[in-house]
Amino acid sequence: MFVYEKGRDGTGDSSFPIVKDASQFCVTHAKSSKSNPVARWHICQGTINAVSFSPDGRYMATAGRDGIVL
């Protein structure tokens with residue numbers, strides 16, 4: 001899942017470090033501070049099937065094809 005910053009033009013390098021352990025949740029940030037997306041969240045090994053936000057917008061839940069729920 002990629003995280004974008006609203007209002008950023010994204011002119012920098014948007015590459016990310018390699019995920020070392022694909023079985024673990026991790027967050028990586030773009031190599032350039034000017035890039036958009038600004039972060040990549042490695043949540044599950046497969047595709048993300050559902051994303052939901054709490055009514056107040058403070059929390060997010062995801063469900064992956066591999067059965068992982070965060």
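Our structure's up above, just so we're on the same page.
Throughout what follows, the structure given in this document is the object of discussion. Since the model is a prediction, treat every value here as computed from it, not as a measurement.

Reading guide: rules and limits
- The residue numbering used here restarts from 1 in each chain and proceeds along that chain's sequence as written.
- A pLDDT threshold of at least 70 governs which residues receive local features in this predicted model, and a stricter bar of 80 or more applies before side-chain atom pairs are shown or counted, although totals over entire chains, interfaces and linings include all residues.
- Computation of side-chain values: all heavy atoms of the structure, hydrogens and water removed.
- The numbering of helices and of strands both runs from the N terminus, where a helix is a DSSP run of H or I of at least 4 residues and a strand a run of E of at least 2.
- Residue burial is assigned from relative accessible area. The probe radius is 1.4 Å, only protein chains are included, and a residue is buried under 20% of its type maximum, exposed over 50%, and partly exposed in between.
- Whenever a nitrogen or oxygen atom comes within 3.5 Å of another N or O atom, the pair is scored as a polar contact, on the condition that within protein one atom can donate a hydrogen and the other can accept it, and that pairs from neighbouring residues in sequence are kept only if both atoms are in side chains.

For Ala61, the location among the structural elements is in strand S5 (residues 60-64). Of the residues examined, Ala61 reaches a relative accessible area of 34% and is grouped as partly exposed. With 33 residues separating them in the primary sequence, Ala61 and Thr28 have C-alpha atoms 19 Å apart.

On to the side chain of Asn36. Within the secondary structure, Asn36 sits in the loop between strand S2 (26-29) and strand S3 (39-42). At a separation of 3.0 Å, a polar atom in the side chain of Asn36 contacts the main-chain amide nitrogen of Glu5.

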